[in-house]
Amino acid sequence: MNDPADAELIASALQRGDERAYAGLVARHQEFLRHFLRRLTGNDHGTADDLAQEAFVRAWQKLETYRGDSAWRSWLCGIGYRLFLGRVRRREPLDGAEELSADREEAAPYSPPGLALDLEQAIALLSSGERAAITLCYQSGCSHGEAATALGIPLGTLKTHLLRAKEKLRRSLAPWNHGERLKVEG
Amino acid sequence: MLTPPEPDDDTLDALLQSAPRAIPDDGFTARVCAALPPRKASVPPARRLLLSGALLLGCLVAWMAWSRIDPTLPTALADAARGWSFEPWQALIFVIALSAWAVARDAREGDVVAGV
């Protein structure tokens with residue numbers, strides 16, 4: 001479940017209020033969380049880092065409530081995800097944001113220079129739930145169960161998010177299957 | 001109109017699983033640590049036991065004192081208090097049970113944190 005080093009750091013932070021132990025946890029997981037949040041925010045680095053910082057602070061305050069039934073980083077991601085959703089809801093309704101994503105997906109022009117960049121853009125056009133599911137399951141190495149727990153959704157919903165996301169990504173990246181494109185890239 | 005073929009599942013999976021760009025710390029950890037509010041350390045088990053015991057002893061003493069009071073409170077309340085019989089052996093069992101619960105809870109907390 002948890003890396004033994006994580007478990008030790010969590011125990012120190014929890015039992016002694018040891019900030020240095022917690023700093024160790026932050027250093028170990030900052031890249032994971034910031035990457036996840038950058039994906040969610042459509043590569044808005046500033047917002048993602050603000051959310052990541054807030055998530056780490058919340059996790060510190062609520063460390064007693066971590067029960068260890070999932071990996072710590074999944075629990076942390078759950079906090080980050082809820083903070084992200086809260087921010088989206090405060091600025092604009094989530095449904096509106098998802099509709100906007102769908103509109104943008106239809107109208108999105110195909111723009112190289114690279115497959116990785118196109119993948120980033122295609123991911124940015126997914127809905128929040130789909131983006132979170134794809135990022136956790138494919139890029140963060142979480143199991144489906146862990147990702148579902150982190151996002152606070154049923155396993156079936158997570159799988160639906162993944163299927164839809166992959167379908168959208170497949171459509172967005174379809175032009176890369178043309179020989180000309182691949183030659184340019186190669 | 002011809003539609004381009006879509007990448008198959010394996011290609012897409014490989015693309016998605018390719019390692020993301022590294023994000024350097026760049027002082028992020030230090031900023032988080034500077035923003036951490038002070039946090040109380042959890043109460044150690046011995047202290048928890050002592051507190052539980054002291055609380056129960058206090059309750060017992062209060063109850064014994066209460067039983068000797070000539071009630072000046074409303075009669076109904078005094079009757080209710082008198083009707084509540086609580087033998088010393090029952091108090092002892094209660095103290096032992098609560099202490100066992102405190103110890104078990106503390107042990108479980110340690111296991112949970114360690115991911116056992």
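Per-chain numbering applies: the sequence of each chain, read as written, is numbered from 1 onward. Ligands are numbered from 1 and chains lettered from A, in the order in which they are written. Totals for whole chains, interfaces and linings use every residue, but because this is a predicted model, local features are given only for residues with pLDDT of at least 70 and side-chain atom pairs only at 80 or more, for both listing and counting. As a rule here, side-chain values cover all heavy atoms of the structure and leave hydrogens and water aside.

Novice: So what's going on with the overall build of chain A? Which residues, and what values?
Specialist: In terms of helices and strands, chain A carries ten helices and zero strands. When the helices and strands of chain A are placed in sequence order, the string is α-α-α-α-α-α-α-α-α-α. Looking at chain A as a whole, 54% of its 186 residues qualify as buried. Note on contacts: a residue pair qualifies if any of its non-hydrogen atoms lie within 4.5 Å across the two residues. Put simply, of all contacts in chain A between residues at least 6 apart along the chain, 62% involve residues at least 24 apart. In short, Shrake-Rupley with a 1.4 Å probe defines the accessible areas, and a residue's cover is counted only from the protein chains shown. Summed over all atoms, the accessible surface of chain A reaches about 8,600 Å², with 50% contributed by carbon and sulfur. Each helix is a run of H or I in the DSSP string that is no shorter than four residues. Each strand is a run of E no shorter than two, and both are numbered from the N terminus. Partly exposed describes any residue whose relative accessible area lies between the buried limit of under 20% and the exposed limit of over 50%, with all areas from a 1.4 Å probe on protein chains only and scaled to the type maximum.

Novice: For unusual backbone geometry, give the residues involved together with the corresponding values.
Specialist: In this structure, Asn43(A) is a non-glycine residue whose phi angle is positive, near 65°. For Asn43(A), the position within the fold is in the loop between helix 2 (19–40) and helix 3 (45–61). Non-glycine residue Asp26(B) carries a positive phi angle of around 50°. Considering the arrangement of structural elements, one finds Asp26(B) in the loop between helix 1 (9–17) and helix 2 (28–35).

Novice: Can you explain the packing of helix 3 of chain A against helix 2 of chain B? Please cite residues and give values.
Specialist: Angle between the axes and distance between the axes: these two values describe a pair of packed helices. Close contact between helix 3 of chain A and helix 2 of chain B brings their axes to 9 Å; oriented N to C, the two are set at 50°. As judged from the angle between their axes, helix 3 of chain A and helix 2 of chain B are oblique. The handedness of the crossing between helix 3 of chain A and helix 2 of chain B comes out as right-handed. Here Asp49(A), Ala52(A), Gln53(A), Phe56(A) and Val57(A) of helix 3 of chain A come into contact with helix 2 of chain B, specifically with Phe28(B), Arg31(B), Val32(B) and Ala35(B). All residues other than Ala, Val, Leu, Ile, Met, Phe, Trp, Tyr, Cys, Pro, Asp, Glu, Lys and Arg, Gly among them, are scored as polar; the first ten of these are nonpolar and the last four charged. Tallied by class, residues from the contact of helix 3 of chain A with helix 2 of chain B come to six nonpolar, one polar and two charged. Here an axis means a line fitted to C-alpha atoms, over the contact stretch when the element is a helix, while the angle between two N-to-C directions is reported on a 0 to 180 degree scale. Angles are sorted into four bins: roughly parallel if under 35 degrees, roughly antiparallel if over 145, roughly perpendicular if 65 to 115, and oblique for all others. A crossing counts as left-handed when the near helix is turned anticlockwise from the far one by less than a right angle, and as right-handed when that turn is clockwise.

Novice: Give a description of the nonpolar core that names residues and reports values.
Specialist: In this text, buried Ala, Val, Leu, Ile, Met, Phe, Trp, Tyr and Cys residues form a nonpolar core when linked through side-chain atoms within 4.5 Å. Membership of the largest hydrophobic core comes to 58 residues, with the highest contact counts inside it found for Tyr22(A), Leu33(A), Phe36(A), Leu37(A), Phe56(A), Trp72(A) and Leu136(A). In terms of residue count, helix 4 (residues 72–91) of chain A provides more of this core than any other element does, ten residues in total. Contact partners of Phe56(A), with chain neighbours within four places excluded, come to Tyr22(A), Val26(A), His29(A), Gln30(A), Leu33(A), Trp72(A), Leu76(A), Phe28(B), Val32(B) and Leu36(B).

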